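Chain residues, written in single-letter form:
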Amino acid sequence: MIPSSPVPRYDRIVSLVFVILFGLAVIFLVDGNPNTLRIVLGGDLPTITLSWFLIASLVVITCAGSDLLARLHPQIHARSLPVINLGFTRFEVAPTFWILPSFSVVGSFAFFRLFSGSLQGTAFVLALITAGGSLLAVLLGQHFALDRRPQVSRTAQILLQVVAYLLAFGCFSAVYYTRYRTLYSATLIGITATLLAYALLAWLPRPGDILTAMLVGLALAEATWPLNYWATTFLMAGTLLLVTFYVAVSMLQHYAVGNLHRRMILEYVLLGGGLFVVIVYATLVI
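All values derive from a computational prediction rather than experimental measurement. Residue positions are given per chain, counted from 1 along the sequence in the order it is written. Residues qualify for local features only when their pLDDT is at least 70, as the model is predicted, and side-chain atom pairs are given and counted only at 80 or more; totals for whole chains, interfaces and linings, by contrast, use all residues. As a rule here, side-chain values come from all non-hydrogen atoms in the structure, and water together with hydrogens is ignored.

Comments concerning the overall build of the chain
Put simply, the test is: Only runs of H or I of at least four residues qualify as helices and only runs of E of at least two qualify as strands under DSSP, and these elements are numbered from the N terminus. For the exposure calls, accessible area comes from a 1.4 Å probe over protein chains only, and a residue counts as buried if that area is under 20% of its type's maximum, exposed if over 50%, partly exposed in between. Any two residues whose heavy atoms approach within 4.5 Å at even a single point are treated as in contact. To be clear on the numbers: accessible area is Shrake-Rupley with a 1.4 Å probe, and residue cover counts the displayed protein chains and nothing else.
For the chain, the count of helices and strands is nine helices and four strands. Counted from the first residue to the last, the chain has its helices and strands arranged as α-β-β-α-β-β-α-α-α-α-α-α-α. Within the chain, buried positions represent 45% of all 286 residues. When contacts within the chain are restricted to residue pairs at least 6 apart in sequence, those whose partners lie at least 24 apart make up 71%. A total of about 15,200 Å² of accessible surface is found on the chain, and carbon and sulfur atoms cover 69% of it.

Have a look at this one:
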């Protein structure tokens, strides 16, 4: 009989979630102030606000908390972790456990911030609910994904995939909404897709490396270029990028377990093509 995993440290998980939600609430209040710090770089470069630095600090806190929570699981020591050598000390890090928690914060803020003008306070509440819910789901999912019982581990991994795809949609939509030049928007979308793909591929029996994940990021970055010349809404664009991301990651997952064959490739091509036609039709109708 396979022994069960230790019970998650709910006290630490809930504490981390509340700290992040409090930080997000402060950021929304600061972001709504028209007199907040703004760094104008000039030209077509995006304007940097104080919110950027505050979000970055929350990401650091989230990464540190996620790393500590991951190390509480005994199965983490069975995984091959990168080692940072500073000369006077060496320590292991678990970067794959940082990505989804960080995007739970960044994606929720970036997406619902787009509706702050129309929904006002409702957007603020939705952002906090989404950030808290997704962060809680990811932290618990990452814990149970390390479980030695295959059924529990598989269920947790499915949960992580669902959350990852929702976060990808939020980030893709938010980047497209800004209408940055392709150089900037494609870079942001490519980096986002690379990190999320790396987090998803890390749970495979033969985990994908960063170079494999970069192929997904490159595909999404290339798809951004023609998309920037397409007169569509940011939600439609985010959906199209999400479909591309889903197809690319799913095919790599099946390839890694030796389950990718010609018929499956055809099914994914038809799925992606069919959804693309639906999105184009919806765009023309709207």
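Moving on, there is more to tell.
Topic: the packing of helix 5 (residues 150-178) against helix 8 (residues 234-256)
Packed helices, taken two at a time, are described by their axes: the angle between them and the distance between them. Rules: Angles run from 0 to 180 degrees between N-to-C directions of axes, and those axes are lines fitted to C-alpha atoms, restricted for helices to the stretch in contact. By the definition adopted for this analysis, an angle is roughly parallel if under 35 degrees, roughly antiparallel if over 145, roughly perpendicular if from 65 to 115, and oblique otherwise. We call a crossing left-handed when the near helix sits turned anticlockwise from the far one by less than a right angle, and right-handed when that turn is clockwise.
With their axes 8 Å apart at the nearest point, helix 5 and helix 8 run at an angle of 140 degrees to one another. On the basis of the axis angle, helix 5 is oblique to helix 8. Considering how the two elements wind past one another, helix 5 and helix 8 form a crossing that is right-handed. In contact with Gln 161, Tyr 165, Ala 168, Phe 169, Phe 172, Ser 173, Tyr 176 and Tyr 177 of helix 5, helix 8 contributes Phe 234, Leu 235, Ala 237, Gly 238, Thr 239, Leu 241, Leu 242, Phe 245, Tyr 246, Val 249, Ser 250 and Gln 253.

Points about the side chain of Asp 67
Defined as follows: Each polar contact in these results corresponds to two N or O atoms within 3.5 Å; when the atoms are within protein, one needs to be able to donate a hydrogen and the other to accept it, and residues that are neighboring in sequence are counted only if both atoms are side-chain atoms.
Position of Asp 67 among the secondary structure elements: in helix 2 (residues 50-71). By relative accessible area, Asp 67 is classed as buried at 10%. Here Trp 98 takes part through its side chain, which lies 3.0 Å from a polar atom of the side chain of Asp 67. Those residues in contact with Asp 67, other than ones at most four positions away along the chain, are Val 93, Ala 94 and Trp 98.

Re the nonpolar core
Nonpolar side chains in soluble globular proteins generally cluster together in the buried interior. To keep it simple, the criterion reads: Think of a nonpolar core as a cluster: buried Ala, Val, Leu, Ile, Met, Phe, Trp, Tyr and Cys residues, connected wherever their side-chain atoms sit within 4.5 Å.
In terms of nonpolar packing, the biggest core is built from 68 residues, with Leu 24, Phe 172, Val 216, Leu 220 and Phe 245 touching the most fellow members. Taken together, the elements giving at least two residues each to this core come down to helix 1 (10-31), helix 2, helix 3 (99-112), helix 4 (121-145), helix 5, helix 6 (182-201), helix 7 (210-227) and helix 8. Element by element, the count of residues in this core is highest for helix 5, at 13 residues. In contact with Val 216, other than residues within four places in its own chain, are Ala 193, Ala 197, Phe 245, Ala 248, Val 249 and Leu 252.

Observations regarding the packing of helix 6 against helix 7
The test is simple: Each residue is assigned to one class: nonpolar for Ala, Val, Leu, Ile, Met, Phe, Trp, Tyr, Cys and Pro, charged for Asp, Glu, Lys and Arg, and polar for all the others, Gly among them.
The interhelical angle for the contact between helix 6 and helix 7, taken along N-to-C directions, is 145 degrees, at an axis separation of 7 Å. Taken as a pair, helix 6 and helix 7 cross one another with a handedness that is right-handed. Residues Thr 182, Ser 185, Ala 186, Ile 189, Gly 190, Ala 193, Thr 194, Ala 197, Tyr 198 and Leu 201 of helix 6 lie in contact with helix 7, whose contacting residues are Ile 210, Thr 212, Ala 213, Met 214, Val 216, Gly 217, Leu 220, Ala 221, Thr 224 and Trp 225. In the contact of helix 6 with helix 7, the residues fall into 13 nonpolar, seven polar and no charged.

A few points about helix 2
Heads up, the condition is: In a helix, the anticipated span is given by 1.5 Å times the number of residues less one.
The end-to-end C-alpha distance of helix 2, which contains 22 residues, comes to 32 Å, matching closely the 32 Å that a straight helix rising 1.5 Å per residue would cover. Of all the positions in helix 2, only Ser 51, Ile 55, Leu 58, Val 59, Thr 62, Cys 63, Gly 65, Ser 66, Asp 67, Leu 69 and Ala 70 are classed as buried. Where the residues of helix 2 are buried, they touch helix 1, strand 2 (48-49), helix 3 and helix 4.

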